[in-house]
Amino acid sequence: MINRVNLYKIFRDQFDAHFNQPFLISTGGSHCSYGDIDRLSACFAATLKKLDVDAGDRVVVQVNKSPDAVALYLACLRIGAVYVPLNTAYTAAEMFYFLGDAAPALFVCGPDSVVQLSGVAMQAGVPVTLTLGHSQDGSFADKAQKLLPLDELTDRDPNDVAAMLYTSGTTGRSKGAMLTLNNLASNAVTLHQYWGFRPGDVLLHALPIFHVHGLFVALHCAMLNASSIIFLPKFDAVEVRKLLPDATVMMGVPTFYTRLLDCEDFGREQCKHVRLFVSGSAPLTEQTFAEFEQRTGQKILERYGMTETNMITSNPLEGERVAGTVGYALPGIQVRVADETGKPLPPNTVGSVELKGPNVFTGYWQMPEKTKQEFHGDGFFMTGDLGTLAEDGRLSLVGRSKDLIISGGYNIYPKEIEAIIDEVSGVVESAVIGIPHSDFGESVIAIVVPGKDNPASVASIVKATESQLARFKQPRRVVMVDELPRNTMGKVQKNILRDQYT
Ligand code: MLC
Ligand code: AMP
């Protein structure tokens, strides 16, 4: 018989002897302790129940980073609801898709967007929309204040879904990756141990909490360790430099590290108490790794993960951290580099990176066919990344078979942007590519073929992308050309475009 569990309880069991310990320390120095978050999340759990949210129901959340937002996540875990966080940069058009697809029992948004988004949510069939904070006008937190905390935790099957995170795809349609309690718990426990979390660790947290990196990797490790978190609303190099001396661990995307290196006075002094800098979500260049070591004396630990799988590989805590590699398969996870049939390739041969383990998601929400396509018959999940495995099992990523741009750690799927540009009157076709960018790693540009009669203008294309896409996805340049380069099969040769426009 499978033992039923509650994910919140797994974390609370580790921090309940530390209720007085500061949990989330805000920039001004005020903090919310582990005891405070326990009470607040219990009140939020009561509010969810009062709003008829049950175990298995989805709760879509698009709010700024705050202790209340963390409490709402934990409240969902308490009652077994499925937490669905969304990037705060998404436009109303994007939100309409997510809300319609996720069909949540509740949508929680920010006060600035509620006027616009409550209409969108209603159109998408969402029964209840609320803001989160204490607005004195019936927000989620206001409702919570009037209720007694709900201490009872709802046990669930470890294979039940705990969270759903949207990830775009080669089809251009975002897919909800369903992550189970076991996916999240197993990865959290593994990372906590692998990265040697210890008493007294303080985490500097400047990542957004709507993605795997900031929400699961960072928060879960800290909670399992009853660690304090210096909780910044967003990454700001000046602020981070100021607060780093109080931290022992920082996690970030490569842009965090290049931005710190851009600060002339950044160096050993600010990092003297930090024992671990982790980088992931996008490739860390060998140059950044080397410069960081030279300036601070610290080797950044690079790890590799994905929304569908949480963390897959990591450079070692104690052994050699090699620039340009993402390290070894984490304990309990099998990683292989294979050909298209799933047959493992000899060491140092480029192939498809695939994996199997307790961390691998259970499927895409309401897309069983799509889910099936991403797995081999033997259960290995195809990441869409290309890599090589060295004899000793060290993985290096060398590219991607999926058409994906990663900008500042955000994934951008060209197909989604091309579909919008192709709809503009006077456009024949388009190709969206990523070109190297010193700050974001990659930057989006669109190459467009206008029609001969009544050709589209750059302004009309910019207008269309502005109204429909989050700012980070909008092309930073639109280039008009007569035709796109194609191979003999008629496929657009994006590699030629990348070379030409880099
Ligand atoms: C912001 N902008 C971006 C952007 N972030 N544009 C492209 N790519 C991005 N990532 C836009 C802003 O809207 C703004 O538009 C302009 O770029 C400049 O903004 P900025 O002030 O420089 O950006 P900032 O707000 O500082 O944000 C940059 C950032 C942020 C790198 C700090 O994007 C960030 O926190 N990224 C982390 C993403 C992350 O957590 N990824 C993990 C995914 S999980 P305008 O209008 O001013 O031009 C995953 C799995 C795994 O991948 O392995 O972890
Ligand atoms: P996401 O779908 O947002 O979770 O992004 C996952 C993708 O980010 C992976 O498939 C990789 O392409 C990329 N990624 C994550 N970590 C790294 C890393 N350390 N180096 C290179 N790419 C990475």
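Rules used throughout
Residues numbered from 1 in each chain as written. Chains lettered and ligands numbered in written order. Predicted model: local features only at pLDDT ≥ 70, side-chain atom pairs only at ≥ 80, totals over all residues. Heavy atoms only, no water. Near = heavy atom within 4 Å. Polar contact = N/O pair within 3.5 Å; in protein donor to acceptor, adjacent residues only side chain to side chain. Areas by Shrake-Rupley, 256 points an atom, 1.4 Å probe, with all protein chains shown as cover. Helix = DSSP H or I, 4+ residues; strand = E, 2+ residues; numbered from the N terminus. Buried < 20%, exposed > 50% of the residue type's maximum accessible area, 1.4 Å probe, protein only. Contact = heavy atoms within 4.5 Å. Pairing = 2+ DSSP bridges. Axes fitted to C-alpha atoms, helices over the stretch in contact; angles between N-to-C directions. Phe/Tyr/Trp six-rings, centres within 6.5 Å; stacked < 30°, edge-to-face > 60°. Lys NZ or Arg CZ within 6 Å of the ring centre and 35° of its normal.

S.K.: Teacher, can you tell me more about the site of ligand 1 here?
M.R.: As a structural note, the neighbourhood of ligand 1 is formed by 23 residues, with Arg259, Ser281, Arg303, Ser407 and Arg471 the closest of them. Lys234 has a polar side-chain atom sitting 2.8 Å from an oxygen atom of ligand 1. For ligand 1, an oxygen atom lies 2.8 Å from a polar atom in the side chain of Arg259. Across the complex, the protein chains shield 76% of the 1,000 Å² of accessible surface that ligand 1 would expose by itself. Mapped by element, the contributors of at least two residues to the shell around ligand 1 are helix H10 (254–261) and strand E13 (301–306).

S.K.: Mind showing me how you'd approach the side chain of Thr47 here?
M.R.: Take Thr47: it is sitting in helix H2 (residues 34–50). Relative accessible area serves as the criterion here: at 1%, Thr47 is assigned to the buried category. Not counting residues within four places of it along the chain, the set of residues in contact with Thr47 comprises Phe140, Lys143, Ala144 and Leu147.

S.K.: Just checking my understanding: could you explain the sheet that holds strand E25 (residues 477–480) for this structure?
M.R.: On the basis of which strands lie adjacent, the open sheet formed by 3 strands has the order E23-E24-E25 and mixed pairing. Both edges of this open sheet fall to strand E23 (427–437) and E25, since each of them pairs with a single strand only. Taking the axes of each pair of neighbouring strands and ignoring which way they run, one obtains an average angle of 25° across the sheet. The pairing of E23 with strand E24 (residues 441–450) spans 10 bridges and is antiparallel. In the sheet register, Ile435 faces E24, and the bridge partner there is Ser443.

S.K.: When you look at the packing of aromatic side chains in this model, what are you seeing that I'm missing?
M.R.: Think of a pair of aromatic rings as described by two things: how far the centres are apart, and how the planes are tilted against each other in angle. Tallied over the entire structure, the rule returns 21 aromatic pairs. Summarising the aromatic geometry, the rings of Tyr257 and Phe277 are spaced 6.0 Å apart at their centres and angled 85° between planes, so their arrangement reads as edge-to-face. Of this pair, Tyr257 sits in helix H10 while Phe277 sits in strand E12 (residues 276–279); the two residues are 20 residues apart in sequence, bridging distant segments of the chain. Residue classification places Tyr257 among the buried residues on the basis of a relative accessible area of 0%. What makes Phe277 buried here is its relative accessible area of 0%. Aromatic pair Phe361 and Phe381: ring centres 5.3 Å apart, planes at 75°, arrangement edge-to-face. You can see Phe361 sitting in the loop between strand E17 (351–356) and strand E18 (363–364) and its partner Phe381 sitting in strand E19 (residues 381–389), a full 20 residues away along the chain. The exposure class of Phe361 is buried, given its relative accessible area of 4%. Three or more aromatic residues link up through ring pairs in this structure, and these residues are Tyr8, Phe15, Phe19, Phe23 and Tyr34. A cation over an aromatic ring shows up here: Lys65 above the ring of Phe231, its NZ or CZ 4.9 Å from the ring centre. Between the NZ or CZ atom of Arg336 and the centre of the ring of Phe380, over which it lies, the distance is 3.7 Å.

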